[in-house]
Amino acid sequence: MTAEPALQTPEEKVSYLAAGHSVRSWLLTTDHKRIAILYLISITGFFFIAGIAAALIRLDLLTPQGDLLTNEGYDRAFTLHGIVMVWFFLIPSIPNTFGNFLIPLMIGAKDVAFPRLNLLSWYIYVLGGLFTVYVLIVGGVDTGWTFYTPLSTMFANGHVIAVAIAVFIVGFSSILTGLNFIVTIHKLRAPGMTWGRLPLFIWSHYATSLILVLATPVLAVTLVLLASERLFHLGIFDPALGGDPLLFQHLFWFYSHPAVYIMILPAMGVISELVSAAAHKRVFGYWFIACASLAIAAVGFLVWGHHMFVAGQSIYASAIFSFLSLVVAVPSAIKVYNWTATLYKGDIRIDPPLLFAMAFIGLFTIGGLTGLMLALLAIDVHVHDTYFVVAHFHYIMVGGAVSAFFGALHFWWPKITGRMYSLIWGRISAGLIFFGFNLTFFPQFILGYLGMPRRYHVYPPQFQTLNVLSSAGASLLAAAYVLPFFYLVYALRNGAPAGPNPWNAAGLEWTTPSPPPKHNFETTPEVDRPAYDYPLAKRSADG
Amino acid sequence: MSRETTLLVAVWAALMLLLAATVAATFAPLGALKPVLNLGIAFAKASLVFWVFMHLREQPWLARLAAVAAVAWLLMLIALTQADLMTRSLF
Amino acid sequence: MAEHVTLTEPYVEPRQQRQADFMGMYVFLGTETMLFGGIFALVFAYRTLHPDAVAEAARHMRLWIATANTALLLTSSLFVALAVHAARRGGRRAVAGWLGLAIAFGAAFLALKGVEYWKDYTEGLMPLIGPHASVRDGPAALFIDLYFVATGLHAIHMTVGLTLLGTIATLVGGRRKGVPSQAVVVEMGGLYWHFVDVVWVFIYPLFYLARG
Ligand code: HEM
Ligand SMILES: [Cu+2]
């Protein structure tokens, strides 16, 4: 590995980073911490690939005529952007890096339940990634990330099969990770680590894993059906034979709506940790947050039809889905209230992790509230397939989930690498990300409401100002995302040794040296206190 | 035969009887009841296999839950797609 | 038998490891349920949308071959269950023997399935290749194609299962895996085999018995 830090401090010399320096020792490792790093490097690569596609999109949208790309080229740019961001960055982002690194540490285990499956999961991810890169090189696809039939089966002339294979394969990496986390959380908790003492990060990863194992296989079979219809001319969704393309949408969204919770639940877990550590206070309403995660995982499976309101779905079914979509917002709202209440009268330190957490809370709230608007039948007829929808999900997925990813990076970087980075630069980049994000996506709400449809690059001239603003925001955002790369990597060699617990946070992971030793704990820890056992909580409990 | 093997063979015999029953039901004049019966028998067979052959009877209840949770989720998928298909022609 | 289990990383005691193995396998089989479940949901959908065409298509399926195949699979499951029972009691040869029988029955299933596909081919039920039966002109074709996907996917799982059982029989028979200390290998292979059997138990009524 090129970014190998010079291992100088005593902790580093006996850490997991010191357990072999050869490429082989990394590629054949079964240590969950090293696998997390492998994932971190690979998802960063895909984040950049998809980011370049986004840059192309935003550049093209600077002018109403769409001067940069052809119609076909534009379709391919947004399809690639969506596919890579969703399956190769956002879904694995927090679970496969921070989940992998932290779950065993947080529950007091030596590793995950099936360490070799864990490594296999990474290889499967890489294999799927290679297919994606292949598709990229040979020219891409133009179906959108949703692969709707009959476009994808009969008319699209991109590399649909290859990209379906890529997504199919990467799904198995999700499944293996989810399975591993479920069994790990059930069977490997240290003595005394009862369910009620688990950090909320664990609860949210447990809920995420349930979705991973229950939803992903449905996507897999849907892609198999799609591929066999395209390749062998089976009539599965073929309207000419009396088949129903809406059935494809049912299956696709049965996976893909829960998949949006795969992206947001781990982020919520991160925020619970960040907020309580910044406030040095026990999380307000522990059981509400824990159960809200499970409720989201369960109810999140019952709302997929809100993507099909104007697609020809029965109005009765739409009414049911609309109602259930309003219900699923309740547990999300509970969490937002509880994080806010946690900060109330806390002993707060404004460090980069807290700034990212605050960005998350604000942006997620906007994204969630606009989700509620979209879930109302009448509003959705107006704004379906417009930039309003695009803004809605970017507020949640980018403003929410990606901010949480960066928050996690800034919070656990000292634990993972043993070095402290520049807090000043951390604060600056959190601020820039927040500002750049809003400048990029807020105009899109207005654009959508005024009627600009998504997925077209030619638009009426009166929309240009807002589009230029959005593109300006995008360049700022891009710069802000690259910034941490520099000071974090710089800190690998030049940062001050972080010590075991730089934030004075509670949690088992902060009781180990930074970076942690290969087997995490010298002796299996015995847990005798609840999570977030901060002195402040005790003080207020005493009155 | 030990008690354990007797049980295994008994389960097999029950499975074969259920198979015979489901074939018989297919040719009986049962009308709309037929698919219900046939699926019911399939569930009965599956339960026997899961409970005895697949060791659910030896497992703690959480593991049992893990083994059958997917069925509940599948039912949600089927129920809500049907909610769409069955009510489309209502207006 | 927990006393002579071989312990591996990250576990600290045999019972914990054994429960983790079982739970992992059950969860994995849950994912398989959802995989086939997607197809089943479509079967129900087309039953609702085109009830007559589905019944007509089902009458073209070979009920008796499928019935024989169901019996073969259920019996092979009994043999696998007996192999697991033998493994738990340390009967190395018995494990290999029962697994061998199960494999024979499983292979017979695949052979019969091949005959069935051949008949489908000559009758003109297959998409893309062979003659074209008139039943393929309307919505019945949707159901027939789902049948090919479901049984094809199941046949792939059967092949994986047969390979798995074959490997386990060789490992245990050749003392490379000891019983009962590593009986869990037989148990896990068995779980997979039984599950593939259960999938067929549902394919059978959903396709072959749906003749209206
Ligand atoms: C608070 C709960 C939420 C509700 C009620 C909600 C509601 C909706 C609705 C009704 C749509 C369809 C709009 C249309 O196409 O006309 C939609 C689209 C979307 N939502 Fe949400 N949403 C919620 C949370 C989320 C979350 C947490 C994420 C991601 C992490 C997300 C990501 C998306 C995406 C990606 C789309 C667009 C899919 C596409 O057509 O490409 N939503 N949402
Ligand atoms: Cu949705």
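Residues numbered from 1 in each chain as written. Chains lettered and ligands numbered in written order. Predicted model: local features only at pLDDT ≥ 70, side-chain atom pairs only at ≥ 80, totals over all residues. Heavy atoms only, no water.

A. Expanded view of the coordination of the iron atom of ligand 1. For the iron atom of ligand 1, the sole protein-derived donor is His392 of chain A (NE2), lying 2.1 Å away. Between the iron atom of ligand 1 and the copper ion (ligand 2), a separation of 4.4 Å is found. (Donors = N, O, S within 2.8 Å, 3.2 Å for Na, K, Ca; no water.)

B. Summary view of the site of ligand 1. Residues and elements named next belong to chain A. In the region of ligand 1, 21 residues are neighbours, and Trp145, Asp380, His384, His392 and Arg454 sit closest. With respect to ligand 1, the side chain of aspartate 380 contributes an N or O atom lying 2.5 Å from an oxygen atom. If you list the elements that add at least two residues to the shell around ligand 1, you get α9 (245-279), α12 (352-375) and α14 (387-417). By residue class, the composition of the shell around ligand 1 is 12 nonpolar, seven polar and two charged. (Near = heavy atom within 4 Å. Polar contact = N/O pair within 3.5 Å; in protein donor to acceptor, adjacent residues only side chain to side chain. Helix = DSSP H or I, 4+ residues; strand = E, 2+ residues; numbered from the N terminus. Nonpolar A, V, L, I, M, F, W, Y, C, P; charged D, E, K, R; others polar.)

C. Molecular detail of the interface of chain A and chain C. Chain A puts 37 residues into the contact, and the matching count from chain C is 32 residues. Taking both partners together, chain A and chain C bury about 2,900 Å²; carbon and sulfur atoms supply 76% of that area. Taken as a group, Lys187, Val221 and Leu241 of chain A account for 19% of the area that chain A buries against chain C, more than any other trio of residues on that side. Run the count over chain A and chain C and you get zero salt bridges. Inspection of the chain A/chain C interface yields seven residue pairs in polar contact (both at pLDDT 80 or more). Mapped onto the side of chain A that touches chain C, the elements with two or more residues apiece are α7 (160-187), α8 (200-232) and α9 of chain A. (Contact = heavy atoms within 4.5 Å. Buried area = accessible area lost by both parts, 1.4 Å probe. Salt bridge = Lys/Arg side-chain N within 4 Å of Asp/Glu carboxyl O.)

D. Focus on unusual backbone geometry. Here the amide bond leading from threonine 149 of chain A into proline 150 of chain A is cis, since omega sits at -5 degrees, within 30 degrees of zero. Relative to the elements of secondary structure, proline 150 of chain A occurs in the loop between α5 (115-138) and α6 (151-155). Note the cis peptide between valine 179 of chain C and proline 180 of chain C, where omega equals 0 degrees. Tracing the backbone through its elements, the reader meets proline 180 of chain C in the loop between α5 (140-173) and α6 (183-208). Of note, asparagine 520 of chain A is a non-glycine position whose phi angle comes to about 70 degrees, a positive value. Looking at the secondary structure, you find asparagine 520 of chain A in the loop between α16 (464-494) and α17 (535-542). We note that tyrosine 532 of chain A has phi near 55 degrees; this positive angle belongs to a residue other than glycine. By the secondary structure assignment, tyrosine 532 of chain A is in the loop between α16 and α17.

E. Inspection of the packing of aromatic side chains at higher detail. Going through the model one piece at a time under the given rule, you end up with 61 aromatic pairs over all chains. Plain terms: the ring middles of tyrosine 148 of chain A and phenylalanine 248 of chain A are 6.4 Å apart, the flat faces sit at 80 degrees to each other, and that makes the pair edge-to-face. Of this pair, tyrosine 148 of chain A sits in the loop between α5 and α6 while phenylalanine 248 of chain A sits in helix α9, placing them 100 residues apart in sequence. Residue classification places phenylalanine 248 of chain A among the buried positions, given a relative accessible area of 1%. An angle of 35 degrees between the planes, with centres 5.9 Å apart, marks the rings of tyrosine 117 of chain C and phenylalanine 148 of chain C as tilted. Taken together, the positions of tyrosine 117 of chain C in helix α4 (residues 92-123) and phenylalanine 148 of chain C in helix α5 put the pair 31 residues apart, joining distant regions of the chain. (Phe/Tyr/Trp six-rings, centres within 6.5 Å; stacked < 30°, edge-to-face > 60°. Buried < 20%, exposed > 50% of the residue type's maximum accessible area, 1.4 Å probe, protein only.)

F. Highlighting empty space enclosed by the protein. Residues and elements named next belong to chain A. Here the structure, examined in full by the defined rule, presents four cavities of 30 Å³ or more. By volume, the largest cavity amounts to about 80 Å³. In terms of lining residues, the largest cavity is bounded by Leu274, Ala277, Ala278, His280, Arg349, Asp351, Pro353, Leu354, Phe411 and Trp503. Mapped by element, the contributors of at least two residues to the lining of the largest cavity are α9 and α12. (1 Å grid on protein atoms, 1.4 Å probe; cavity = no way out; pocket = protein on both sides within 12 Å on 5 of 7 lines; lining within 4 Å. Points joined across faces, edges and corners; volume = space filled by probe spheres on them.)

G. Structural context of the interface of chain C and chain B. On the chain B side, the residues contacting the 45 residues of chain C number 42 residues. Between chain C and chain B lies a buried interface of about 3,700 Å² when both sides are counted; carbon and sulfur atoms form 80% of it. Sorting the residues of chain C by area buried against chain B places Tyr26, Leu74 and Leu78 of chain C first, and these three jointly supply 16% of that buried surface. Residues glutamate 58 of chain B and arginine 88 of chain C are paired through a salt bridge, measuring 2.9 Å at the closest nitrogen-oxygen approach. Across the chain C-chain B interface, the total number found is six residue pairs in polar contact (both at pLDDT 80 or more). Counting only elements with at least two residues in the side of chain C that touches chain B, the list comes to α1 (14-49), α3 (63-88) and α6 of chain C. Sorting elements by how many residues they give to the side of chain C that touches chain B places α1 of chain C first, with 18 residues.

H. Focus on the coordination of the copper ion (ligand 2). All names here are of chain A. Around the copper ion (ligand 2), the protein contributes the donor atoms His257 (ND1), His306 (NE2) and His307 (NE2), which lie 1.9 to 2.0 Å from the metal centre. Each donor residue of the copper ion (ligand 2) lies on the same chain, and together they follow the pattern H-x48-H-H. By relative accessible area, histidine 257 is classed as buried at 6%. Residue class for histidine 306 comes out buried when judged on its relative accessible area of 16%.

I. Representation of helix α10 (residues 286-299) of chain A in the model. Residue and element names in this part refer to chain A. Under the 1.5 Å per step criterion, the end-to-end length of α10 is 20 Å for 14 residues, consistent within 8% with the ideal 20 Å. When α10 is considered as a whole, its buried residues turn out to be Tyr286, Ile289, Ala290, Ala292, Ser293, Ile296 and Ala297. Along α10, the residues classed as buried sweep out an arc of 155 degrees about the axis, all on the same side. In this fold, the buried residues of α10 make contact with α8, α9 and α11 (315-343). (Expected span 1.5 Å × (residues − 1). Arc of directions from axis to C-beta.)

J. Structural detail: the nonpolar core. Counting residues in each nonpolar core, the largest one holds 283 residues, and the members touching the most others are Trp87, Phe98, Phe147, Phe360 and Trp412 of chain A together with Phe207 and Tyr208 of chain C. When residues in this core are grouped by element, the largest group, 23 residues, is from α9 of chain A. Looking at which domains feed residues into this core, each of domain 1 (1-58) and domain 2 (59-91) of chain B supplies at least three. Ignoring any residue separated from it by four or fewer positions in sequence, one finds tyrosine 208 of chain C in contact with Ala58, Met61, Arg62, Leu63, Ala66, Lys113, Glu116, Tyr147, Thr151, Trp200 and Ile203 of chain C. Leu69, Phe78, Tyr387 and Val390 of chain A belong to the second largest nonpolar core, which has 13 residues in total. (Core = buried A, V, L, I, M, F, W, Y, C linked by side-chain atoms within 4.5 Å. Domains from an automatic or database assignment.)

K. Main features of the packing of α9 of chain A against α12 of chain A. Residue and element names in this part refer to chain A. Running from amino to carboxyl end, α9 crosses α12 at an angle of 130 degrees, the nearest separation of the two axes being 9 Å. In terms of axis orientation, α9 runs oblique to α12. As for the relative orientation of α9 and α12, their crossing is left-handed in sense. Residue-level contacts link Ile264, Ala267, Met268, Ile271, Leu274, Val275 and Ala278 of α9 to Pro353, Leu354, Ala357, Phe360, Ile361 and Phe364 of α12. (Axes fitted to C-alpha atoms, helices over the stretch in contact; angles between N-to-C directions. Parallel < 35°, antiparallel > 145°, perpendicular 65-115°, else oblique. Left-handed = near helix turned anticlockwise from the far one by under 90°.)

L. How the structure looks around α5 of chain C. Residues and elements named next belong to chain C. For α5, with 34 residues, the first-to-last C-alpha span of 48 Å sits near the 50 Å given by 1.5 Å per residue. Counted residue by residue, α5 has 24 buried out of 34 residues, so it is predominantly covered. Just downstream of α5 lies arginine 175, where phi reads positive at about 60 degrees.

M. Spotlight on a nonpolar patch on the surface. The grouping of Ile52, Leu56, Leu59 and Leu68 of chain A at the surface amounts to a nonpolar patch, some 370 Å² of accessible area in total. Of note, leucine 68 of chain A is situated in the loop between α3 (32-60) and α4 (71-107). (Patch = residues over 30% accessible without salt bridge, like charges linked within 9 Å, V, L, I, M, F, W, Y side chains within 5 Å. Areas by Shrake-Rupley, 256 points an atom, 1.4 Å probe, with all protein chains shown as cover.)

N. View of the environment of isoleucine 396 of chain A. Residue and element names in this part refer to chain A. By secondary structure assignment, the location of isoleucine 396 is in helix α14. The buried category is assigned to isoleucine 396, whose relative accessible area is 15%. If near-sequence neighbours (up to four positions away) are discounted, isoleucine 396 is found in contact with Ile264, Phe364, Gly367, Gly368 and Ala401.

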